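As a plain string of letters, each chain reads:
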Amino acid sequence: MSKLRHTDVEVGTEIPERTFTVRRLDLVRYAGASGDFNPIHWNERFAKSVGLPDVIAHGMFTMAQAARLVTDWTGDPGAVVDYSVRFSAPVVVPDDDEGAEIVVGGTVKKKHDDGTVTVALTARSGGAKVLARSTAVVRLA
Amino acid sequence: MAINPDYVGREYRAPEAYEVTRVKIREFAEAVGDPSPVHTDPAAAKAAGYADVVAPPTFPVILGMAGSAQAIADPGLGVDFSRVVHGDEGFHYSRPVVAGDVLDTVTRITDVKALGGNELLTLETVATDASGEHVVTAGMMLVVRGE
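Quick caveat, the model's predicted, so the values are computed rather than measured.

A. Structural context of the interface of chain A and chain B. Between chain A and chain B, the contact holds 27 residues from the first and 29 residues from the second. Elements supplying a minimum of two residues to the side of chain A that touches chain B: α1 (24–34), α3 (59–74) and β2 (80–87) of chain A. Classifying every residue of the side of chain A that touches chain B gives 15 nonpolar, seven polar and five charged. Bridging between β2(A) and strand β3 (residues 84–93) of chain B involves five bridges; their strand directions are antiparallel. Across the sheet, V85(A) pairs through a bridge with E89(B), a residue of β3(B).

B. Structural detail: the pairing of strand β5 (residues 128–139) of chain A. Residue and element names in this part refer to chain A. The sheet contact formed by β2 and β5 spans six bridges and is antiparallel. The residue of β5 that forms the bridge with V80 is V138. Linking strand β4 (residues 116–125) to β5, which pair antiparallel, is a turn of two residues; within it G126 sits at a positive phi near 55°.

C. Broad picture of the pairing of strand β5 (residues 118–128) of chain B. Residue and element names in this part refer to chain B. Relative to β5, strand β4 (residues 102–115) is paired through eleven bridges, and the arrangement is antiparallel. Each bridged residue has a counterpart across the sheet, and for K113 the counterpart in β5 is L120. Where β4 folds back on β5, the antiparallel hairpin that results is connected by two residues, among which G116 adopts a positive phi of roughly 55°. Where β5 lies against strand β6 (residues 134–144), ten bridges are found, and the strand directions are antiparallel. Note that in β6 the partner of L121 across the bridge is L142. In textbook terms, the turn of a hairpin is the stretch between consecutive antiparallel strands, and for β5 and β6 this stretch comprises five residues, one of which, G132, has a positive phi near 85°.

D. Molecular detail of the nonpolar core. Residue and element names in this part refer to chain A. Counting residues in each nonpolar core, the largest one holds 75 residues, and the members touching the most others are V22, A66 and V138. When residues of this core are assigned to their parent elements, the largest contribution, eight residues, is made by α3. Filtering out sequence-adjacent residues up to four positions away, V138 remains in contact with V70, T74, A79, V80, V81, T116, V117 and V119.

E. Representation of helix α3 (residues 65–73) of chain B within the structure. Residue and element names in this part refer to chain B. Within α3 the residues assigned to the buried category are G67, S68 and A71. Here the buried residues of α3 occupy an arc of 90° about the axis, which is enough to place them on one side. Against β1 (11–13), β4, β5 and β6 lie the buried residues of α3.

Rules behind the numbers
- Sequence order sets the numbering: in each chain, residues are counted from 1 along the sequence as written.
- Working convention: letters from A go to chains and numbers from 1 go to ligands, in the order in which they are written.
- In keeping with the predicted nature of the model, local features appear solely for residues at pLDDT of at least 70, side-chain atom pairs appear and are counted solely at 80 or more, and the whole-chain, interface and lining totals rest on all residues.
- For the purpose of contact definition, each residue receives a C-beta atom placed from its backbone, and two residues are in contact when these atoms lie within 7 Å.
- Comment: elements are numbered from the N terminus, with helices defined as DSSP H or I runs of at least four residues and strands as E runs of at least two.
- Ten residues, namely Ala, Val, Leu, Ile, Met, Phe, Trp, Tyr, Cys and Pro, are considered nonpolar, four, namely Asp, Glu, Lys and Arg, are considered charged, and the remaining ones, Gly among them, are considered polar.
- A pair of strands is labelled paired if DSSP reports no fewer than 2 bridges between them.
- By definition, a nonpolar core groups buried Ala, Val, Leu, Ile, Met, Phe, Trp, Tyr and Cys residues that are joined through C-beta atoms within 7 Å.
- Burial is judged by counting the other C-beta atoms within 10 Å of a residue's own C-beta: 20 or more makes it buried, 12 or fewer makes it exposed, and any count in between marks it as partly exposed, with every C-beta position built from the backbone.
- Note: the arc covers the axis-to-C-beta directions of the helix.

As far as function goes, none of this settles anything; it's purely spatial.
In structure tokens form, the structure reads like this:
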């Protein structure tokens, strides 16, 4: 896998937007893999009983998709130094075959002298901004 | 039910070290749909300069589970888990997590506050390797939604 070089990017370089799909099955699988079995992520009856519109995706599932946007772009999943997000709205996942879509994008905000760059990330789902104040600092080749 | 602010600073240590395995990294990478071979193929990981397969960037959320579960279950802290949603998350890496790592984790309550009818609980988990070196810190803010 070729790795993106620090000299290949500038402040303002955009990572093309990508769309990721999330279905109920993805949430069940993520629950098992992560150990987060909060029923709001798989049980519609429970989710509605606590005032949510429907089952919602794990925030960490969305965070993982935004990470993929960055690591597929850099070509090095081990080169993430800092990564933080705020979950500003839930990703609501209906009980159907289409699921929900998460659209993620990124822009290089800073280049640092130590070979890293700061990428600002965005994510939307169902018309809502689901990530806010989201940045990744990644080391480039 | 209110979260007890006197618990800020309290620590919850995982009862045993977390052994990072190839199988768990593969399971997690597949669950988030990440097809990079450095998560699943030791030869690809070595070719990329790593000792073994590399965990996806958000994998350390698992490392915080043991401590945060203890905190949430602590009756003195007073978290109503049925009202919890995830507010924010952040990872600060000293190095990537790779298969073969044996990681000790300590989770500390770093902040408790009320905001707009909700309560916010912030937890920080520090993972260190078998030689005592820092690997990653995972910060997590949980929102306990008001009725």
